[in-house]
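# Working through the structure, step by step
Residue strings, one per chain:
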Amino acid sequence: MNVFQKQLQGITRRHFLHGGTAGLGAIALSSLLAGERAQATPTEAGPGPLSPRPSHHPARAKNVIYLHMAGSPPQQELFDFKPKLRELNDQDCPDEFLEGERFAFIKGHPQLLGSPYEFAHHGQSGLMLSELLPNLGEVADDLCVIKSMWTDQFNHAPAQLMLYTGTSQFGKPSMGSWVTYGLGSENQDLPGFVVLVSGDKVPSAGKSVWGSGFLPSVFQGVQCRTSGEPVLYVTNPKGMDRAGRRRSLDAIRDLNEMQLAEVGDPETLTRIEQYELAYRMQVSVPEVMDISSESVATHAMYGSDPSQPSFANNCLLARRMVESGVRFVQLFDWGWDVHGTGKTTDLISQLPKKCRQTERPIAALITDLKQRGLLDETLIVWSGEFGRTPMNEKRDNSKFLGRDHHPHSMSMFMAGGGVKGGFSYGATDELGYFATENRMFVNDLQATILHLLGLDPYEFHVPYQGLKQRLIGPTEDPKIHHDLIA
Amino acid sequence: MSHALRPLFALALIAALPASVTAAELPEHVDFVRDVQPILEASCYDCHAGGTAEGGIRWDRKSAFIGGDSGEVAVEPGQPEESSLIARVRGEDELMPPEDEGEPLSESQIALLERWIEQGAEWPDTAQAVDEGPRHWSLIKPEKHALPTTAHQDWVRNSIDPFVAARMEAEGLKPSPEADRYTLVRRLYLDIIGIPPTLDQVDRFVNDPRPDAYERLVDRLLDSRHYGERWARMWLDLARYADTQGYEKDNRRTIHRYRDWVIGAFNRDLPFDRFTIEQMAGDMLPVPTTEQYIATAFHRNTMTNTEGGTDDEEFRSAAVVDRVNTTGQVWLGLTVGCAQCHSHKYDPITQREYYELYAFLNQTADNDQPNEAPVLSSPLGEVIGEIDALLVKIARQKRALAEYRSAELAAAQTAWATQLAEQGPSPPPKLSTWQFIGPFVAESYGAALSTSFPPEQEIDLTQTYDDGQLRWEAKPEYVDNKVHELSGDYSSFYFYRTIEASVPGPLDLSFGSDDSIKVWLNGRVVHDKQIGRSAFPDQDRISVQLRQGENQLLVKIVNATGKGGFFFRALGGELPKNVVEIAQKSPESRTTDEQDALAAYYRTIAPLLKPLRDQLFETESRLQSLRAKSGGPTTPIMLELEDFKRRETHVMVRGSFLTKGPRVEPGVPASLHPFPEDVPRNRLGLAYWLVDKNNPLTARVMVNRFWEQMFGRGLVATSEDFGTQGVPPTHPELLDRLAIEFMEQGWSMKKLVKHIAMSATYRQSSHTTPALMEKDPENRWLARGPRFRLEAEMVRDQALASSGLLSRKMFGKSVMPPQPPGVWQVVYSGDKWETSVGEDRYRRGLYTFWRRTSPYPSMIAFDATSREICTVKRTRTNTPLAALVTLNDPVYVEAAQALARRVVEDGGSNLEDRVTFAFRRCLVRPPRAAELNRIVALYETELAHYRQHPEEAKQMATDVLGEAPAEMDVVELAAWTVVANVLLNLDETLTKG
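Given the structure is predicted, the values throughout are model-derived calculations rather than measurements.

## Things to note about the overall build of chain A
What chain A contains, in helices and strands, is 14 helices and 17 strands. Split into buried and exposed, the 486 residues of chain A put 63% on the buried side.

## Some thoughts on the overall build of chain B
Assigned secondary structure in chain B consists of 35 helices and 21 strands. In terms of overall dimensions, chain B has a C-alpha envelope of 105 × 95 × 50 Å along the principal axes. Expressed as a percentage of the 993 residues in chain B, the buried residues total 46%. Across chain B, the fraction of contacts at a sequence separation of at least 24, relative to all contacts at a separation of at least 6, is 73%.

## Things to note about the interface of chain B and chain A
In this complex, chain B contributes 74 residues to the contact, which on the side of chain A involves 74 residues. Elements with a minimum of two residues in the side of chain B that touches chain A: helix H26 (770–775), helix H29 (880–888), helix H32 (929–948), helix H33 (950–958), helix H34 (970–984) and helix H35 (987–990) of chain B. Counting residues per element, the side of chain B that touches chain A draws most heavily on H29(B), at seven residues. Tallied by class, the residues present in the side of chain B that touches chain A amount to 25 nonpolar, 28 polar and 21 charged.

## Considering the packing of helix H12 (residues 312–332) of chain B against helix H13 (residues 351–361) of chain B
All names here are of chain B. At a minimum axis separation of 9 Å, H12 and H13 run at an interaxial angle of 110 degrees. Viewed along their axes, H12 and H13 adopt a mutual orientation that is roughly perpendicular. Read as a crossing pair, H12 and H13 show a hand that is right-handed. Two secondary-structure elements touch here, H12 through Val320, Arg323 and Val324 and H13 through Tyr354, Leu357, Tyr358 and Leu361.

## Notes on the nonpolar core
If you look at the biggest cluster of nonpolar residues, it comprises 320 residues, and the most contacted ones within it are Cys144(A), Ala318(A), Ile380(A), Val703(B) and Val979(B). Ranked by residue count, the leading element in this core is H34(B), at eleven residues. Formed by 25 residues, the second largest nonpolar core is a distinct cluster that contains Ala448(B), Leu507(B), Leu553(B) and Val558(B).

## Quick notes on the sheet that holds strand S14 (residues 540–546) of chain B
Residues and elements named next belong to chain B. Here four strands make up an open sheet; going across it, the order is S9-S16-S11-S14 and the pairing antiparallel. Among the strands making up the open sheet, the edge pair consists of strand S9 (484–487) and S14. Within the sheet, the average angular offset between the axes of one strand and its neighbour, ignoring direction, is 30 degrees. With seven bridges connecting them, strand S11 (residues 505–514) and S14 associate as antiparallel partners. By the bridge assignment, Pro506 is partnered in S14 with Gln545.

## Considering helix H20 (residues 610–630) of chain B
Over its 21 residues, H20(B) runs 30 Å from end to end, which matches the ideal 30 Å to within 8%, given 1.5 Å per residue. Of the residues one or two after H20(B), Gly631(B) is the one with positive phi, at around 60 degrees.

## Considering the pairing of strand S3 (residues 127–130) of chain A
Residue and element names in this part refer to chain A. Pairing geometry for strand S2 (residues 119–122) and S3, over four bridges, is antiparallel. Across the sheet, the residue bridging to Ala120 is Leu129, located in S3. From the end of S2 to the start of S3, which pair antiparallel, there are four residues, and Gly123 there has a positive phi angle of about 65 degrees.

## Observations concerning the pairing of strand S12 (residues 516–521) of chain B
Residue and element names in this part refer to chain B. Within S12, six of the six residues are buried, leaving the element largely enclosed by the surrounding structure. Burial of the side chains of S12 extends over both faces: Ser516, Lys518 and Trp520 are buried on one face and Ile517, Val519 and Leu521 on the other. Relative to strand S15 (residues 549–559), S12 is paired through six bridges, and the arrangement is antiparallel. Within S15, the position partnered with Trp520 by the bridge is Leu554. With antiparallel pairing between neighbouring strands as the criterion, S12 and strand S13 (residues 524–529) make up a hairpin whose turn holds two residues, including Asn522 at a positive phi of roughly 50 degrees.

## Details of the domain arrangement of chain B
Think of interface size as the accessible area that goes away when the parts come together; that is how it is often given. Annotation of chain B at the domain level lists domain 1 (23–127), domain 2 (271–378 + 645–690), domain 3 (430–574) and domain 4 (890–992). Computed from C-alpha atoms alone, the centre-to-centre distance between domain 1 of chain B and domain 2 of chain B is 34 Å.

## So, the packing of helix H1 (residues 32–43) of chain B against helix H3 (residues 107–118) of chain B
Residue and element names in this part refer to chain B. One can describe the packing of H1 onto H3 by two numbers: an axis separation of 10 Å at closest approach and a directional angle of 125 degrees. The orientation of H1 relative to H3 falls into the category oblique. Where H1 crosses over H3, the two elements pack in a sense that is left-handed. Counting all contacts with H1, which are made through Phe32, Asp35, Val36 and Ile39, the residues of H3 involved are Gln109, Leu112, Leu113 and Trp116. Looking at the contact of H1 with H3 residue by residue, the classes come out as six nonpolar, one polar and one charged.

## Topic: the confidence of the model for chain B
Residue and element names in this part refer to chain B. In the predicted model, chain B carries a mean pLDDT of 88, and the fraction of residues at 70 or more is 95%. Within chain B, strand S2 (residues 52–53) has the poorest average pLDDT of any element, 74, and helix H24 (residues 749–758) the best, 98. Note on residues 1–21: pLDDT is under 50 here. Beyond four places in sequence and across chains, it has 37 contacts. Reported confidence for the predicted complex is 0.75 by ipTM and 0.77 by pTM.

## Description of the environment of Gln624(B)
Residue and element names in this part refer to chain B. Relative to the assigned elements, Gln624 resides in helix H20. Exposure remark for Gln624: the 17 C-beta atoms within 10 Å place this residue in the partly exposed category. Distance in space between the C-alpha atoms of Gln624 and Trp747 is 36 Å, their sequence separation being 123 residues. Aside from chain neighbours lying at most four places away, what touches Gln624 is Phe536 and Asp538.

## What to know about the confidence of the model for chain A
All names here are of chain A. Averaged over all residues, the pLDDT of chain A equals 86, while 89% of them reach at least 70. Mean pLDDT in chain A bottoms out at helix H2 (residues 24–34), which sits at 35, and peaks at strand S8 (residues 378–383), which reaches 98. When the criterion is pLDDT under 50, residues 10–46 qualifies, and its contacts beyond four places in sequence or with other chains add up to 68 contacts.

## Here's the deal with unusual backbone geometry
Comment: phi is negative for the bulk of residues other than glycine, and the bulk of peptide bonds are trans. In the segment running from Met96(B) into Pro97(B), the intervening peptide bond is cis, with an omega of -10 degrees. Along the chain, Pro97(B) falls in the loop between helix H2 (84–90) and H3. A cis amide bond links Ala373(B) with the next residue in sequence, Pro374(B), at an omega value of -5 degrees. As for its position among the elements, Pro374(B) is in the loop between H13 and strand S3 (375–377). Of note, Lys394(A) is a non-glycine position whose phi angle comes to about 50 degrees, a positive value. Here Asn481(B), not a glycine, exhibits a phi torsion of approximately 70 degrees, which is positive.

Here is what the cut-offs are and how they apply
Residues numbered from 1 in each chain as written. Chains lettered and ligands numbered in written order. Predicted model: local features only at pLDDT ≥ 70, side-chain atom pairs only at ≥ 80, totals over all residues. Helix = DSSP H or I, 4+ residues; strand = E, 2+ residues; numbered from the N terminus. Buried ≥ 20, exposed ≤ 12 C-beta atoms within 10 Å, placed from the backbone. Contact = placed C-beta atoms within 7 Å. Nonpolar A, V, L, I, M, F, W, Y, C, P; charged D, E, K, R; others polar. Axes fitted to C-alpha atoms, helices over the stretch in contact; angles between N-to-C directions. Parallel < 35°, antiparallel > 145°, perpendicular 65-115°, else oblique. Left-handed = near helix turned anticlockwise from the far one by under 90°. Core = buried A, V, L, I, M, F, W, Y, C linked by C-beta atoms within 7 Å. Pairing = 2+ DSSP bridges. Expected span 1.5 Å × (residues − 1). Domains from an automatic or database assignment. pLDDT = per-residue confidence, 0-100.

Below is the structure:
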């Protein structure tokens, strides 16, 4: 690099931070850095938008693995043990609950539905878990189960948006985008925010749940695909090998440098760097996505199989990602929308199947991270987008057991990353209809996650369209739930 | 704000005072100025006075009485217990002032306020804050400033330049030299039509010795049909145009006629005020044409939710919210969306005002239906003329019907209304479930028509025919107002039902049939039509006379061959509720709106007007059948509800459609220009208000948008926010001048583009130096020409154009160029990406199918958006993922392969010529020596490599594009493909410089 280029690079870095390179997002970033986080000037780490940046306060978690059970699992069958519901099984749901209620599918006066599954205490903590979760029982002392989550949306797409972007409307950045925007990522050769999807379906709200909204698109989630190319267009054209790509990139770089010398736009330098990064990604992405190098024992633990895309593979990939320094890994698994309209959506066949597919890999992920000393710095979050009704849906008099969408109570859990293990937080009423104790709204969850990552959820914002845009929304209502933090 | 004040009650009630304060401590008569205002000033003004109206309430004006966003009455004169002011300062409700904002009021202060309210809450007009008018720069009408003088007078080319030069001087900068002709021709092509010039076009301009060569080029480009395509792209982001409905199912939507309308409107330079009016309210123009109806699809680009259990009203109101927000963004450059839930301290719009705007847009017929109703079937070609002639006729007949005046009609209406008020509405006739029997099959269509099958002779629902194969069946699924399918060739089908009438009287019946239809009422034939047609709603309408008690209706449908069909509805059975309510009011207490609604409804039933209605119906039927016959894609359109079906608009507390606050009427924000007096207070009027010459925002916002497209940065950098939180303009006087000239030039967008393109400012070289970068990294002071990355569509279009693949076909259904398998995985939808074949593979980017939940991935990598909501400004990023697209996406590989073949075919015979040819096809200018040498070196290395690897050579040269012509050497092609791939990835290629 000659002196001229060095000089330009210095400008580039300031340029990026002061608002040139990436348009609005960079303006926002510059004010973010110049304002609340003036100390956070990247130096040695390089000038890229994904360079790691220090947090507001010491972080409890460095990385996040968010396991989303898309469609929303029934809390009554998994975490929220409700003996009363079983006692009142098949009786009419009391009127006081139904007044003014709207349901997605339930019509007429619904009947209560007790869980057909048994619960038992697990671990030293004695956490109550369903018989559908035997492997999670083994790691019960690492789980922080929250039974008092609630939301205000009862359709999939808006509820997923609410969970990931803080509002049910389209157009806002997702949680992973916010986090990589705020903290950067540890590995510059991989995307900072990776999305892995299993169950053959993307979530209901589409790619908006990992979109970057008004943040620069470099912060949007990159979907790594488990069949076909791991990242779109990462493979060279047929007939061009890696050496050939290197030769052509050398030519691109040489020609771009001539252009740079002629025109003097630092953006050209950035482009040269991005092409080099693309070249490195062509190796690093397939490498991190290749699980065939994992040991037989590891595959046995996860139930993963390199030849067959699965949620188990994605859990193993999630570990490989955080190990490689990816900041935010988002998993979506489709198939939890257990309405009970048939065998593939009921509590007796479908739900145990989904549990079998997922709970062992999750337990393995927790164990694996722990063994590698990564659990302390990795926050695992498991949830759906809303809860399910304590009542049987019985759509069109279906004989299959199922539950409808339910915003007023849902269960979720977290593990690692600074949360209390073997801990049960919050509660619902006797029928599990409403969250009652330590009620935790979705914005509270976002606030708590940001806090664990060392970001101040109230201060962490981007000015856009005349507003201080925040993940947790415009009001001061959301609160950090300190009681579940270890 | 324009709220009327509540009448002040003069009655002073003396109530018991709180025990803690003795009456003696309070003045006998509370004086507002002496006693109350100081309290408000000390405790409330911080957040509720002047420009700050937190919660939508200002305590420096008497209008505070009616309250703010909460919908509660703040002061009810005479009744402190009904006044939320008291509840708030007592902390019975949300405590005011809030804990962290100030000390709570003392008991004696509260007692003073209470007594003041008890005594009638007098507030002299003289003690009100006088509004000093809008202070924020963008809310003040633009002024035409004189051109500043500058030392660079010789540099100046038009009225843009003196402003820019003056500002540069102030910053210690000077203009850059004019860019060379190669740069200019590429810049103009990309900016004006969005595709690069061909080599011929380049050479023609570069070698044009005429002094006005540049202007000629600009004019030529403005006349190009591709101009509309380039600028439609910008508008379609604002219009959130997409080919799917959004939300979970994200089903397809047919709305591409709207996209085509936008392209056409730009091409014929529809003035921006007309452009606005037709999109906002084309359906409400006196005589709307098909094209004007299609224009209204602008606001039908809102999302439709067909997810299970969704409430149509919830998502209808979500669509209206989106329309309000989009209107605010597109025309006013303001984020009005926040006011949906609450008033913000500094925003120019309160929550109440938000819903006053909402009220304008709350009166359209659409309501989140999966079929997108109402839609317009809009044929293409000549038949449009015939259709528009009918539309003119319909408009005339509607006007005749609406404007008919006579004493007789007035008397009849009064008599009808009086009777309605006294007796209430007579219960509508009751229709039983359809009984159905068929098909009775005949030898031929003629026989089926003429044969009198048993049901025509006698209705016996217990009878069976054809050896028990045919029997009467109750068919609840044959609901009214829907076309039902029938099947059977040469077949007759019978429908039977009873109509129970409590009073004798007329009833209108409407039918559709495939094919012929015959109708009996009480045994008498009342309709008989022998015809061959497809079934549509409302093909025939008849009026019948019901007798009291049971009436019997029998319908025979005769189908020739193929599909048959049946449609039925009874018209005007039930009275709208509000009509009854209005009729029950005394005539003098009816508001003008109510009088209009009553008269409008009466005109739909007045016996006197039946001939006029029949004429109208006849024309409408002809229009319908003409449309049905000529086919053509449908387009969802805006359609205003009839006067008597209008919706009430309420403030939605915290933005929830379930929590209704106070009712509001259509109105515009007080901080903006007044609503024009000569336009109706409806959506059409709102459109006129948007393009009113007094509007301080629209013209500024729009010229800034064009500036941003051409310079990469607006004069107002926050083009999405002209509000108080946005960035003020770098050249305010220039912005004003451009805005005024835009209006003076008849809102011509082409003239605006030309004006910018002709300036010396625009023609500058974009070369820069470290010193200049240091001083002005963002080029705010415009001391150099624009240089920034092309937008997503241009990246695609340019690669296709350079390689010669680009199809110049315009308009029509969106296309599906290749996309990797597995990208579309949509929940609850089996919809598949069907890769287009032929030239549709190579269409311009704006014709690419846009699925909101899964947009075309390579465009997203270049910052295109998902189009779920209005996007004012795309971000511009520089990422490895974008690099991977142009390096490896088969679309770009194919372009490289095609360019390679062009090089071999047309690039000349020696290597240098060929390199120059390829280079110029991508970069327009000829290569410099060093560049040429570097590319030659690359070519030779690759040629040597592929000579060693013929299999790879074949793949590299043909794998996407297909077999190469026999006379071409595949190894050579492979090497050229690598060169072309490199050229398509150069910074200069991806950048407009």
